[in-house]
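Structural overview
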Amino acid sequence: MKGKLLFKSTLIIVVVGILIIAGIVFINYGFEKDFIHRLPSVENLDNDSYNLLLNLYQTRVNFGNWIVAIIGALLTFAAFYVQYDYNSKQNKDIAQERYENQLFHLLDVYRDICHNTSIRNVGSGKVVFHYMFYEYKAIFNIIKKSKDILAEITKQDDETINYIAFTYFINGVSANMIDSTIDETIITKKGKTELRDRLLSYQQESEAYDEQHPESGVEYLKDYRHNKIKYFDGHRLRFIPYIKYISLIVSFISGSKCSNDSDVKYLTNEQTDHEIGLIYAYNGFLKYQQPIEHTQANQQQNAIWELIYNDLPKFMGYKFKYNGDSQHDFLS
């Protein structure tokens, strides 16, 4: 950048310098020389003719001086412009550097959050998101494949099932409590009781596992059988801080003038498909609760969410999106 500015300023100075020299030569060897050569031949002229010739010369000299002054002003302007252009680009480079430093700092904190996320008898780090995604998917499957529970749901589309499944994924189940966060116009109290009891039975079976009490397992969680994991215990404490931080990164990228679409790759290259699947389900859960306003900021953030979703493998993205592909079944 500095080399280009130096070349530009040098070129401007050389051009203006040539114009100034040409102007001086034009005045000194043009107007003045012509006037001086004509003086001997006008000795017999009257005073009026002499004054006219003198005025002509003076006019030409003044005209030349004006040209020199204008060229000098242009040269001064060019110097200020080059300095202004340099300062603008320097400020832009500084802003870009600060933005990138902040972005990579946010990504460092994101890695720490993932690394420190753990579930007893599952592990810590990325394996936790693998487990959480399939626990969410197991709940989705239980609802969709259970006719008795579906009969208690007012609208049996994927968006409603996702909303119910993610509510239980976040809140978990308790033997003495029926989830009260879901309005009974969506699923009846009977439906919530039946779903809670079904999830509790799997939870108790897993925790009680030993040689005398084998665990049959839950669809999508059979890889985690025999680990005495407390299924469906809720993930609010671990998932909500995670998704809030991801939303912070998305908001930071969308709100910066220095960002571009390729910056999202820094984030998605760190994410697993299971993380993206959970994010997709969570945003659908939020949208079901309250439609997002169509502000410019929200539109910019939605565009970044879409870039994140599009990072899923094209040939199997439907496995991570509860309503992602009408030609394939999410539960297949």
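Residues numbered from 1 in each chain as written. Predicted model: local features only at pLDDT ≥ 70, side-chain atom pairs only at ≥ 80, totals over all residues. Heavy atoms only, no water.

1. Thoughts on a nonpolar patch on the surface
How we decide: Note that patches include only residues with greater than 30% relative accessible area and no salt bridge, and the join distances are 9 Å for like charges and 5 Å for nonpolar side chains (Val, Leu, Ile, Met, Phe, Trp, Tyr). Working definition of accessibility: Shrake-Rupley area with a 1.4 Å probe, residue cover restricted to the visible protein chains. Whenever Lys or Arg places a side-chain nitrogen within 4 Å of a carboxyl oxygen from Asp or Glu, that contact is recorded as a salt bridge. Under the scheme used here, helices are H or I runs from DSSP no shorter than 4 residues and strands are E runs no shorter than 2 residues, and both carry numbers assigned from the N terminus. Burial classification: accessible surface area is computed with a 1.4 Å probe over protein chains only, and a residue below 20% of its type maximum counts as buried, one above 50% as exposed, and the rest as partly exposed.
A cluster of nonpolar side chains, contributed by Trp66, Ile70 and Leu74, occupies part of the molecular surface with about 370 Å² of accessible area. Checked against the element boundaries, Trp66 lands in helix H2 (residues 47-116). Classification of Trp66 as exposed rests on a relative accessible area of 60%.

2. Regarding the packing of helix H3 (residues 126-145) against helix H5 (residues 158-171)
Quick reminder of the rule: Axes here refer to lines fitted to C-alpha atoms; in helices the fit is confined to the stretch in contact. Angles between the N-to-C directions go from 0 to 180 degrees. For classification purposes, angles smaller than 35 degrees are called roughly parallel, those larger than 145 roughly antiparallel, those between 65 and 115 roughly perpendicular, and all remaining angles oblique. By definition, any crossing whose near helix is turned counterclockwise from its far helix by less than a right angle is left-handed, and any crossing with a clockwise turn is right-handed. Any pair of residues with heavy atoms lying within 4.5 Å of one another is described as a contacting pair. In this classification, the charged set is Asp, Glu, Lys and Arg, the nonpolar set is Ala, Val, Leu, Ile, Met, Phe, Trp, Tyr, Cys and Pro, and all remaining amino acids, among them Gly, are polar.
Contact geometry for H3 and H5: axes closest at 9 Å, N-to-C directions at 125°. Considered as vectors, H3 and H5 are oriented oblique to each other. The handedness of the crossing between H3 and H5 comes out as right-handed. Seen from H3, the contacting residues are Met132, Glu135, Tyr136, Ile139, Phe140, Ile143 and Lys144; seen from H5, they are Asp158, Ile161, Asn162, Ile164, Ala165, Phe166, Tyr168 and Phe169. For the contact of H3 with H5, the residue count by class is eleven nonpolar, one polar and three charged.

3. Thoughts on the environment of Tyr309
The topology assignment puts Tyr309 in helix H10 (residues 296-309). Among the residues examined, Tyr309 registers a relative accessible area of 7% and is labelled buried. Through-space distance from the C-alpha of Tyr309 to that of Ile276 is 6.5 Å; in sequence the pair is 33 residues apart. Those residues within four positions of Tyr309 in sequence are excluded, and the remaining contacts are Ile276, Ile279, Tyr280, Asn283 and Lys321.

4. Quick look at the nonpolar core
Here is the rule: By nonpolar core is meant a set of buried Ala, Val, Leu, Ile, Met, Phe, Trp, Tyr and Cys residues that side-chain atoms within 4.5 Å join together.
In terms of nonpolar packing, the biggest core is built from 73 residues, with Tyr136, Ile143, Ile164, Phe166, Phe232 and Phe239 touching the most fellow members. With twelve residues, the single largest contributor to this core is H3. Setting aside residues no more than four positions away along its own chain, Ile143 makes contact with Ile149, Leu150, Ile153, Ile161, Ile164, Ala165 and Leu195.

5. Description of the pattern of salt bridges
This model, assessed by the stated rule, comprises ten salt bridges. Residue Lys230 pairs with Asp233 through a salt bridge whose shortest N-O separation is 3.6 Å. Here Asp233 falls in the partly exposed class, since its relative accessible area comes to 40%. Among the salt bridges present, the one from Lys265 reaches Asp311, with a minimum N-O distance of 2.8 Å. With Lys265 in helix H8 (residues 263-268) and Asp311 in the segment after H10, this pair connects stretches of sequence that are 46 residues apart. What makes Lys265 partly exposed here is its relative accessible area of 43%. One network of salt bridges, in which partners are shared, links Asp108, Arg111 and Glu270.

6. Some details on the packing of helix H9 (residues 273-289) against H10
The geometry of H9 relative to H10 is characterised by a closest axis approach of 10 Å and an angle of 140° between their N-to-C directions. In this structure, the crossing between H9 and H10 has a hand that is left-handed. Along its contact with H9, which presents Ile276, Ile279, Tyr280 and Asn283, the element H10 presents Trp305, Ile308 and Tyr309. Within the contact of H9 with H10, the residues separate by chemical class into six nonpolar, one polar and no charged.

7. Some points on the packing of aromatic side chains
Cut-off, in case you're wondering: Stacked, tilted and edge-to-face are the three classes assigned to paired rings of Phe, Tyr and Trp, where Trp is represented by its six-membered ring and a pair needs centres within 6.5 Å; plane angles under 30 degrees give stacked, over 60 edge-to-face, the rest tilted. Either the NZ atom of lysine or the CZ atom of arginine qualifies as a charge over a ring when it sits within 6 Å of the ring centre and within 35 degrees of the ring normal.
Counted under the stated rule, the structure contains 27 aromatic pairs. Directly above the ring of Phe330 sits Lys137, whose terminal nitrogen or CZ lies 4.5 Å from the centroid.

8. Considering the side chain of Thr160
Relative to the helices and strands, Thr160 resides in helix H5. By relative accessible area, Thr160 is classed as buried at 1%. Those residues in contact with Thr160 that lie beyond four places of it in its chain are Ile153, Lys155, Ile186 and Tyr288.

9. Structural notes on unusual backbone geometry
Even without glycine at this site, His226 takes up a positive phi of about 70°. Residue classification places His226 among the partly exposed positions, given a relative accessible area of 39%. In this model, Phe232 sits at a positive phi of 55°, which is unusual for a non-glycine residue. Inspection of the secondary structure assignment puts Phe232 in the loop between helix H6 (189-207) and helix H7 (236-255). For Phe232, a relative accessible area of 0% puts it in the buried group.

10. A word on the side chain of Glu275
Relative to the assigned elements, Glu275 resides in helix H9. Ignoring any residue separated from it by four or fewer positions in sequence, one finds Glu275 in contact with Tyr110, Cys114, Lys126, Phe129, Tyr242 and Glu270.

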